[in-house]
Amino acid sequence: MKNRDNYETREINLTYQDPYNPITYDDVEPFGWVEMEVVTVGMSEYSILERNKKMPNYRRIKQLDEKYFELKNQKVREERFSLANFFTFLLFFIVPGLLYIAYKIYRKKAIRNYNNNIQKQMDDIVLEAYKLQNNEEEVVDINKTFEGKKDNIKQFLFSPIADVASICGSEVVDKYTNIDLDESNIDKVRDELFSLYLKAVAEPNVSKKMEKMEYANKMLQSEESSEQ
């Protein structure tokens, strides 16, 4: 008989999803989730998933799971080309009509490139998660490795949750993006960015302070420093 303390569950609403970025079983299966049943509650259908917390490399796979969906939620919906707006501009103003076309083409390409970059990071995470499920040797916590810390800094700087450019200024993003990081300075840089960001978030005009501070703590502070 299963020891229920060794398992965790989650559910996916199959009825009401974002049609442009739905969550499917392919999104969760690489991270050890197994579909146990599909249940109907009211007008909604739910997929009930289960994961064994005693699986090899559980902590690392859980981190990858969280990072995967954080990236997935950062995808931007491609904007539709509005014929109505185009013909209105074209009818009254030829030049604005042409500028509208140029802007839409540029915007669509930028969004597509952004989403493709996000998808590549997600694909890399899935590949690593699959490898970890078949690896009995425990892997070092992502937040304790140089590459893990480096990736977290980069992700934090460009995350819409942190919104560093708006809160701290684009010059801060440029500074910490271009710093030459190595084993000797990575922790100092993380602490410096963390302190600078918390000070900026404390300003009265910043919204969702708690969410931003929790995210900064997660991305820039190790478990050891958080516990101190």
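Given the structure is predicted, the values throughout are model-derived calculations rather than measurements.

Visitor: Which residues make up unusual backbone geometry, and what are the values?
Guide: Glycine aside, a negative phi is what most residues show, and trans is what most peptide bonds show. One non-glycine residue, Asn 57, lies in the positive phi region at around 60 degrees. Among the secondary structure elements, Asn 57 is positioned in the loop between strand E3 (44-52) and helix H2 (58-72). Since its relative accessible area comes to 0%, Asn 57 is described here as buried. For Lys 208, which is not glycine, the phi torsion reads 50 degrees and is therefore positive.

Visitor: I'd like to hear about the environment of Ala 216, residue by residue, with values.
Guide: Residue placement: Ala 216 occurs in helix H9 (residues 209-220). It is 9.6 Å that separates the C-alpha atoms of Ala 216 and Ile 153, two residues lying 63 residues apart in sequence. In this structure Ala 216 touches Phe 156, Phe 194, Tyr 197 and Gln 221, once residues within four positions along its chain are discounted.

Visitor: With reference to specific residues and values, describe a nonpolar patch on the surface.
Guide: Taken together, the side chains of Tyr 25, Val 34 and Met 36 make up a nonpolar region of the molecular surface, amounting to roughly 270 Å² of accessible area. With respect to the helices and strands, the residue Met 36 is situated in strand E2 (residues 34-41). With a relative accessible area of 45%, Met 36 lands in the partly exposed category.

Visitor: Pulling in residues and values, what's your account of the packing of aromatic side chains?
Guide: Under the counting rule described, the total for this entry stands at four aromatic pairs. Relative to Phe 69, the ring of Tyr 68 lies with its centre 5.2 Å away and its plane at 75 degrees, an arrangement referred to as edge-to-face. Between the aromatic rings of Phe 156 and Tyr 197, the centroid separation amounts to 4.9 Å while the plane-to-plane angle is 80 degrees, which identifies the pairing as edge-to-face. Of the two residues, Phe 156 is situated in helix H5 (residues 146-158) and Tyr 197 in helix H8 (residues 186-201); the sequence distance between them amounts to 41 residues. The same class applies to Phe 156 and to Tyr 197, which are both buried. Chaining the aromatic ring pairs together yields one cluster made of Phe 31, Tyr 68 and Phe 69. Arg 10 extends its terminal NZ or CZ atom over the ring of Phe 69, reaching a point 5.0 Å from the ring centre.

Rules behind the numbers
Residues numbered from 1 in each chain as written. Predicted model: local features only at pLDDT ≥ 70, side-chain atom pairs only at ≥ 80, totals over all residues. Heavy atoms only, no water. Helix = DSSP H or I, 4+ residues; strand = E, 2+ residues; numbered from the N terminus. Buried < 20%, exposed > 50% of the residue type's maximum accessible area, 1.4 Å probe, protein only. Contact = heavy atoms within 4.5 Å. Patch = residues over 30% accessible without salt bridge, like charges linked within 9 Å, V, L, I, M, F, W, Y side chains within 5 Å. Areas by Shrake-Rupley, 256 points an atom, 1.4 Å probe, with all protein chains shown as cover. Salt bridge = Lys/Arg side-chain N within 4 Å of Asp/Glu carboxyl O. Phe/Tyr/Trp six-rings, centres within 6.5 Å; stacked < 30°, edge-to-face > 60°. Lys NZ or Arg CZ within 6 Å of the ring centre and 35° of its normal.

So, to be careful, I would describe these as geometric facts and stop short of saying anything about function.
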